[in-house]
Amino acid sequence: MNQDQRKLMECEGCGLTLLWPLPTPAELGAYYGPIYFGFGKASQEGKGYAMARRLAKMASSGNFLDVGCATGFLLDGIRKNCDWKVYGVDYGASAVRYCKEVLGLDARLGTLAAAKFKPASFDVIHLNNVIEHELDPLALLKASAKVLKPGGQIWLATPNGAVDRARYRDYLKGWGVRAESQDGHVFFFSGPSLERLAAKAGLSVAGRWSSGMIRGARASGLLPRRMGWYRGFAPRDRSQQPKRPIEEFINEGKRYPKAYYVYKDLRDHATRLPGYWKAGFDFHLLLTKV
C-alpha cells in the first residue's frame, strides 16, 4: 500500500481516526498474500480448544462464524472439541483455499455480505482484530447483525485506536516519511466511535472491556518501547510477494498441554478491565441485537 500521500484524519467528536484517502481494495488486498498467514498452528488450535469449552458451556450445539478466519486453525480446534458447527470468511484467497481443501471447512472468500449466509444463521460471530482492516466497517457490522440469530452474540475485539495510531504518528515524526499502517489497519477506533457504529448497525453493547495494559503503555510511549518497534511501519513494496504456496509459510509452533490453553484463556478474560482504558492495547465488546 503506497501511503506517501495519506494522512490520519480524526473526528473530534467521537475520536474515530482513519487513513485518508482510504486505500483501494487492491491496495489493501496486497497485505493478504500467503506470507501474511504464517500464524502458529499449535497456538491457534489451542485457542480453539479453549473456545470450544466456552461454547459448550453456552449450549450443547450451535453455529459459530469466524470473520477473518485466516487458515482456519482456530475453527478446526473448535470443531474437534465440541458439537458446534463452524464457518469462516476471509479476504485471503490462499487462506480460504487452505481452509477448504486441506481442513475441509466451510470458508468463503470476500466480504461477509458477499458470503451469502442465510439471515439469522449464527449463535456466535467472532470478529477478532478484523474491523480495523475493513474499508466499510459499518457494512461489516450490518452484515453481522443480519446473520446473527435472535439472542446471539458478537464477540468483537479491536486495537485501542489511540494506542494504535500513536506508533504511526511517532514513526512520522521520527523518520519524516509516510508510514504504512501496520498489518493493514485503516481505521483507529475509540470506545464511543465503536458504540456509535454498533448502534447504527442495529446492535447494542452488552459488555465492554480493555486488555493488555502493559503492552498498551509500551505502544503508546508511556513506557519504553521494545527495540525495533518501528519496523512494521517502514514502507515496502508489496507488489512482488513470494509466489509460493501458503503451506510453506505456516508455522507449526510449539504444542503445549490442553490445560495450558485453558489457563491462558482464563487469564485473558480475568485480566480484562471493564470499560475503555487509555492504556489498554485492545478493546473488547460483547454485542447483541437491539
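Residues numbered from 1 in each chain as written. Predicted model: local features only at pLDDT ≥ 70, side-chain atom pairs only at ≥ 80, totals over all residues. Heavy atoms only, no water.

Draft legend 1. Inspection of the overall build of the protein at higher detail. Looking only at helices and strands, one finds nine helices and eleven strands in the protein. Relative to the compact-globule value of 19 Å for 290 residues, the protein shows a C-alpha radius of gyration of 19 Å, a close match. Residues classed as buried in the protein amount to 49% of the 290 residues present. Partitioning the contacts of the protein with sequence separation of at least 6, the portion at a separation of at least 24 is 77%. Positive and negative side-chain charges of the protein, numbering 43 and 27 respectively, have mean locations separated by a distance of 4 Å. (Helix = DSSP H or I, 4+ residues; strand = E, 2+ residues; numbered from the N terminus. Rg over C-alpha atoms; globule rule 2.2 N^0.38 Å. Buried < 20%, exposed > 50% of the residue type's maximum accessible area, 1.4 Å probe, protein only. Contact = heavy atoms within 4.5 Å. Lys, Arg positive; Asp, Glu negative; His and termini not counted. Charge placed at Lys NZ, Arg CZ, Asp CG, Glu CD.)

Draft legend 2. Spatial organisation of the sheet that holds strand β1 (residues 7-10). A sheet is described by the order of its strands in space; here three strands give the open sequence β1-β2-β8, paired in antiparallel fashion. In this open sheet, the two strands that pair with only one neighbour each are β1 and β8 (187-188). Judged from the two bridges that link them, strand β2 (residues 17-20) and β8 form a sheet pairing that is antiparallel. Note that in β8 the partner of Leu 18 across the bridge is Phe 187. (Pairing = 2+ DSSP bridges.)

Draft legend 3. Here's a closer look at the pairing of strand β6 (residues 122-128). Extensive coverage of β6 is indicated by the burial of five of its seven residues. Sheet topology note: the strand β3 (residues 63-67)/β6 ladder contains three bridges and is parallel. Across the sheet, Asp 66 pairs through a bridge with His 126, a residue of β6. Examined bridge by bridge, β6 and strand β7 (residues 148-159) share six bridges and lie parallel to one another. By the bridge assignment for β7, Leu 127 is matched with Leu 156. What joins β6 to β7 is helix α5 (residues 137-147), and the crossover it makes is right-handed. (Right-handed = clockwise from strand over helix to strand, strands pointing away.)

Draft legend 4. Representation of the packing of α5 against helix α7 (residues 191-200) within the structure. The interhelical angle for the contact between α5 and α7, taken along N-to-C directions, is 50 degrees, at an axis separation of 9 Å. In this view, α5 runs oblique relative to α7, as classed from their interaxial angle. The interaxial crossing formed by α5 with α7 has right-handed handedness. Between α5 and α7, the residues in contact are Pro 137, Leu 138, Leu 141 and Lys 142 and Leu 197, Ala 198 and Lys 200, respectively. Split by residue class, the contact of α5 with α7 holds five nonpolar, no polar and two charged. (Axes fitted to C-alpha atoms, helices over the stretch in contact; angles between N-to-C directions. Parallel < 35°, antiparallel > 145°, perpendicular 65-115°, else oblique. Left-handed = near helix turned anticlockwise from the far one by under 90°. Nonpolar A, V, L, I, M, F, W, Y, C, P; charged D, E, K, R; others polar.)

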